[in-house]
Structure formats: structure tokens, C-alpha cells
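Below are the chains, spelled out letter by letter.
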Amino acid sequence: MIGVTMGGRLGNQFLMYALARKLMYLRQRQEQLVFDFSHLSNKKDSGFTDVLRFFQIQEYIYSRDNLILKYGSIKQKFAYLRHIAASHCSADYDYELDTSRLFQNGIYFNYNNYPVLLSDHQNIFTFGLCETPACFDDIKEILQKEFTPKSPLLDSNQGLMDIIKKTNSVCVTIRRGDFLSDKFKKDFFLCDKDYFERGIEEIKKRVDSPVFIFFSDDIDWVKANFEQSNTMYFESGTDPVWEKIRLMYSCKHFIISNSTFSWWAQYLSRNPNKVVISPDKWFPHQVKNSKLIQEGFVCLQTTNQINEK
């Protein structure tokens, strides 16, 4: 069995599934996938729910149980409880030592090692994010297939999809929403209007006759702040998440924000010659570059970095 503690919205759930799918692929045997969604049960935002069910992924059991405590061996339960106690109570908590101990017991916690190492435990568990694409690059075609929505394209989006397919379409994903809240702005907000305007100009240097398709959790703000022309189109902002991601990854080029949802759009793209514009860091106060910022991305400084100079 591979047990996964799920969290976050679709972008994070894709990352969690990708590691579990890679482990399933490496173990080369029939595995039961069990996903614990209990961490999402108290979220008010509708995006914090099981959205994997809309995609053609491997069959899984939906659970609201702590999977390690329910299915783990005695050693696994002890290692997990020690992690909980140490991370919450110990002033000298050693993150590296703790994650090493967890892995030795078949528990992949925020696992970002490459190549992926296999545990020989009968049941293995993952929780936290795997943000190293190299971990699952060799099953990219599998993920592209399995992250295809079960439902067909909505009739209301047929016209937009035709434009996406027939032009040098550029997916522009603008994340606002909770990134602008007092709680999260300092730690997450990077990509402002200036960043996207410079991204558009950078695309124009690299792509012939680009057509920009805007996606956002605040599409009204986008329409009000970007000049509308016959080379700019806007997703409705009301599509279900599975429809939105399909429209996004069907584009040929990308201007992404520091969002895992935005990142997956370019990763799932079928265009081998895609141009990807990205911020050159993933968080405002990041010291070490995120591995989500991949080789080949065209990285732009964000406004707060420019202003600091």
C-alpha cells in the first residue's frame, strides 16, 4: 500500500500524486493507493477538496484517517509520533535528521531527493510536497495522460480552445486571491502587474504573432488592468478547475506565477518548443532557488527585487 496525506489545492495535490505514482512505478507491483483528505475537511475554500477525482488517475481509496497510525507498523507509528512531538515541542528540532529517520521507516516527508530511493517496507507513506520535478520526469508521459480530465471539453469553451490550438497561444496565469491577503502577502506575493507586462514583452521577442490567453482567480481585475485587443483573450474565471487546467496546458507558451497550479500548466504542455517565463524565485524571502524553477525557463526579476537595488 502507498498512503498519501493530501493537502492544498489541485497544484499541490498533483505534486503529491506524482511522487506516489513514481513510487508505484518503481515498485513494479500492484499497489493500493489510499489518500487521506482529512486535512482538507475543515477548509472553507471549495478548492481545498478532493479534486483528483476529476482526472484519469489510478484508482484510489478516499480516506479521512491518519494513514500511518491506521496502517503503519509499530516502527512507523513510533517514527511518526516522534516527528510530531519534536517538530512541535523541541527547540533544537533537527529537520534533516528527522526526515532521514522518517525515510528509514518508509515515510517520505517533504521528499525531494533525486534519484528517488525506494523503501523496502510493505506499506509506505508520503506527506508534504515533492517539489523536485526530476523525481518524476521519467514518468512525465504517464502523468500527462493521467492528469487529463475525465470529462470532455465544455461546449462553452470550444471557441477558446480553437484559438488556443490554431495560434501561438500564450497561457498567462495571474495569481491574486489569498496571495494578497494580510496573512499571506508578505510570504507569497511576487508577481505583480509589472512582472506580467515585462513577461508579455519578453514573449513578443521570442514568439511570432503571440496570442495571450489570461487565466486568473480575479479575472475582473485582469480585464480592468490589461489593455484588451484582438491578441488577448480571457478565460471566464468560472470554469471548474479541471477545465481550467486543460485550457491552460493546451497553450503553446507560458507566463507563470509562483503557483504550483500555474507551474503544472507548463509541465503538462505537449509543446517541446515551449517558452516559459517565470519569476526567478518562488517566494519573496527565498534564499535557495526552488527546483520548480527549471533549466530553460526565462526568469525575470520581480518588482520587489528591483526596488531593493
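If you're wondering where the values come from, they're calculated on a predicted model, not measured in any experiment.

What follows is about the sheet that holds strand 8 (residues 232–234). The 6 strands are arranged 8-7-6-9-10-11 in an open sheet whose pairing can be described as parallel. Single-partner strands in this sheet number two, and they are strand 8 and strand 11 (298–300). Within the sheet, the average angular offset between the axes of one strand and its neighbour, ignoring direction, is 25°. In this sheet, strand 8 lies alongside strand 7 (residues 210–216) in parallel orientation, the contact comprising 3 bridges.

On to the nonpolar core. Of all hydrophobic cores here, the largest spans 59 residues; its most connected members are Y17, F35, F136, W263 and W264. Elements that contribute at least two residues to this core include exactly strand 1 (2–5), helix 1 (10–27), strand 2 (33–36), helix 6 (158–166), strand 7, helix 10 (241–249) and helix 11 (260–267). Tallying contributions element by element places helix 1 first for this core, with 10 residues. Every residue in contact with W264, bar those within four places of it in the chain, is listed here: G11, F14, L15, A18, F136, L143 and F147. If you look at the next biggest cluster of nonpolar residues, it comprises 22 residues, including I200, F214, F234 and I255.

Another aspect to go through is the pattern of salt bridges. Following the criterion strictly, the structure yields 14 salt bridges and no others. For K22, the salt bridge identified is with D138, shortest N-O distance 3.0 Å. Of this pair, K22 sits in helix 1 while D138 sits in the loop between strand 5 (124–127) and helix 5 (140–146), and the two are 116 residues apart along the sequence. Overall, the relative accessible area of 4% leaves K22 in the buried class. E202 is the salt-bridge partner of K205, the closest N and O atoms lying 3.8 Å from each other. Taken together, the positions of K205 and E202, both in helix 8 (residues 193–206) and 3 residues apart, correspond to about one turn of that helix. Overlapping salt bridges bring together R27, R29 and E31 as one network.

So, about the pairing of strand 7. Each regular strand carries side chains that alternate between the two faces of the sheet. In terms of burial, strand 7 is a largely internal element, 7 of the 7 residues being buried. The alternating pattern of strand 7 places P210, F212, F214 and S216 on one face and V211, I213 and F215 on the opposite face, and all of these are buried. Pairing analysis gives 7 bridges linking strand 6 (residues 168–174) to strand 7, with the strands arranged parallel. Residue pairing in the sheet places I174 in a bridge with S216 of strand 7.

Now for helix 1. Here helix 1 is 18 residues long and its end C-alpha atoms lie 25 Å apart, about the 26 Å a rise of 1.5 Å per residue gives. For helix 1, the tally of buried residues reaches 15 of 18 residues, placing the bulk of the element in the interior. Where helix 1 terminates, the next one or two residues include Q28, which has phi positive at roughly 50°.

On to the packing of aromatic side chains. Within this structure, the stated rule accounts for 24 aromatic pairs. When the centroid spacing of 5.7 Å and the interplanar angle of 80° are considered together, the rings of F136 and Y267 count as edge-to-face. Placement of the pair is F136 in the loop between strand 5 and helix 5 and Y267 in helix 11, with a sequence separation of 131 residues. Assigned by exposure class, F136 and Y267 land together as buried. Over the face of the ring belonging to Y267 we find K140, whose NZ or CZ atom lies 4.5 Å from the ring centre. The ring of F179 has R175 sitting right over it, with the charged end atom 3.9 Å from the ring centre.

Quick notes on the rules
Residues numbered from 1 in each chain as written. Predicted model: local features only at pLDDT ≥ 70, side-chain atom pairs only at ≥ 80, totals over all residues. Heavy atoms only, no water. Pairing = 2+ DSSP bridges. Helix = DSSP H or I, 4+ residues; strand = E, 2+ residues; numbered from the N terminus. Axes fitted to C-alpha atoms, helices over the stretch in contact; angles between N-to-C directions. Core = buried A, V, L, I, M, F, W, Y, C linked by side-chain atoms within 4.5 Å. Buried < 20%, exposed > 50% of the residue type's maximum accessible area, 1.4 Å probe, protein only. Contact = heavy atoms within 4.5 Å. Salt bridge = Lys/Arg side-chain N within 4 Å of Asp/Glu carboxyl O. Expected span 1.5 Å × (residues − 1). Phe/Tyr/Trp six-rings, centres within 6.5 Å; stacked < 30°, edge-to-face > 60°. Lys NZ or Arg CZ within 6 Å of the ring centre and 35° of its normal.

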